[in-house]
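Next come the chains, spelled out residue by residue.
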Amino acid sequence: MSSIEIAEAIDGKPAAPPARPASRVGLRLAGFLLPVVLAIIWEILVRAGLANGRLMPPPSVVGRTLWQLTASGELWTHAAATLWRVAAGFGIGAAVGTALGALTGALPLARGLLDPTLQALRAIPSIAWVPLFILWFGIFEASKVALIAVGVFFPVYLGVAAAILSIDRKIVEVGRVFRLGRLAMVRRVLLPAILPDWFTALRGGLGLGFMFVVAAEIMGASEGLGYLLVDGQQLGRPDTIIAAIIAFAVLGKLADGLLLAITRPFLAWQDTVRDRL
């Protein structure tokens, strides 16, 4: 019996068929309409003289700046530097956050010893770490990667610890009924139970990694999209600033999509309502 037939048997009425691939593509394309419409409206307002485009340049000016930065290769250089820092910081922060989150979530003793301190550290603003990391690691790449790793660490740590603590006791009892050993229990019961929350925490950590890289690149970087932001501010070039912001948005979206594509096969077993309720 298919899932649609089961839904009909439960509800007593025909279930809505799943969305077709074409409609899904249409919904994804519709997500780009809002920024495009807003950009067109702003362009029209500036060209009609109804808005001042000096501090907020119209899309045509920003697009020309993006093209110039791309054609000269400058944008690729800054984007590559930013992506390397985010990837390195994300890898370190996600690995440490996963390990400590699993430790504090699974062991009450570790939770009592470590969690209060980590929760206190989580409340420290990101910019407060900058002078300390500069003293410890200097102004080169190590301090920047460390700051990004701190930003990634906390959402991953909280997500993993909370996922372990919220595992339904009944599914553990089912595993015991089937006499699963400790390793089999982890592999077949506990790990699938926490995977959705873990992947969500990784996405949150990746987003914070892109936020923290701006603070990291402001503290003395000679390349990177954060440096491009500061350079645009110092030169009084709002078009450069907005171009860097757009580059951040595109890179962040692509990185998030890549992470989703990597993790989706691990969640193929989920039977969830993805299209409509």
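As a starting point, this report considers the structure included with it. All figures in this text were calculated on a predicted structure; none of them were measured in a lab.

Examining the overall build of the protein chain
So, step 1. A tally of regular secondary structure across the protein chain gives twelve helices and zero strands.
So, step 2. Helices and strands appear in the protein chain in the N-to-C order α-α-α-α-α-α-α-α-α-α-α-α.
So, step 3. Looking at the protein chain residue by residue over its 277 residues, the buried ones come to 33%.
So, step 4. Restricting the contact set of the protein chain to residue pairs at least 6 apart, pairs at least 24 apart contribute 69%.
So, step 5. Surface accessibility of the protein chain: about 17300 Å² in total, with carbon and sulfur atoms responsible for 69%.

Notes on the side chain of Asp239
So, step 1. By the secondary structure assignment, Asp239 is in helix α12 (residues 238–263).
So, step 2. Separated by 2.7 Å, the side chains of Asp239 and Arg237 make a polar contact.

Structural notes on the packing of aromatic side chains
So, step 1. By the definition in use, this model includes eight aromatic pairs.
So, step 2. With 5.8 Å between their ring centres and 55° between their planes, Phe133 and Phe137 make a pair best called tilted. Separated by four residues within a single helix, Phe133 and Phe137 lie in helix α7 (residues 129–137), roughly one turn from each other.
So, step 3. With a relative accessible area of 5%, Phe133 lands in the buried category.

Considerations on the nonpolar core
So, step 1. Membership of the largest hydrophobic core comes to 51 residues, with the highest contact counts inside it found for Leu147, Leu202, Leu206, Phe210 and Leu225.
So, step 2. Looking at this core, the elements that each hand over two or more residues are α4 (59–72), α5 (74–106), α7, α8 (141–165), α10 (182–218), α11 (225–234) and α12.
So, step 3. Not counting chain neighbours up to four residues away, the residues in contact with Leu225 comprise Leu75, His78, Ala79, Thr82, Glu217, Ala244, Ala247, Phe248 and Leu251.

About the criteria used
Residues numbered from 1 in each chain as written. Predicted model: local features only at pLDDT ≥ 70, side-chain atom pairs only at ≥ 80, totals over all residues. Heavy atoms only, no water. Helix = DSSP H or I, 4+ residues; strand = E, 2+ residues; numbered from the N terminus. Buried < 20%, exposed > 50% of the residue type's maximum accessible area, 1.4 Å probe, protein only. Contact = heavy atoms within 4.5 Å. Areas by Shrake-Rupley, 256 points an atom, 1.4 Å probe, with all protein chains shown as cover. Polar contact = N/O pair within 3.5 Å; in protein donor to acceptor, adjacent residues only side chain to side chain. Phe/Tyr/Trp six-rings, centres within 6.5 Å; stacked < 30°, edge-to-face > 60°. Core = buried A, V, L, I, M, F, W, Y, C linked by side-chain atoms within 4.5 Å.

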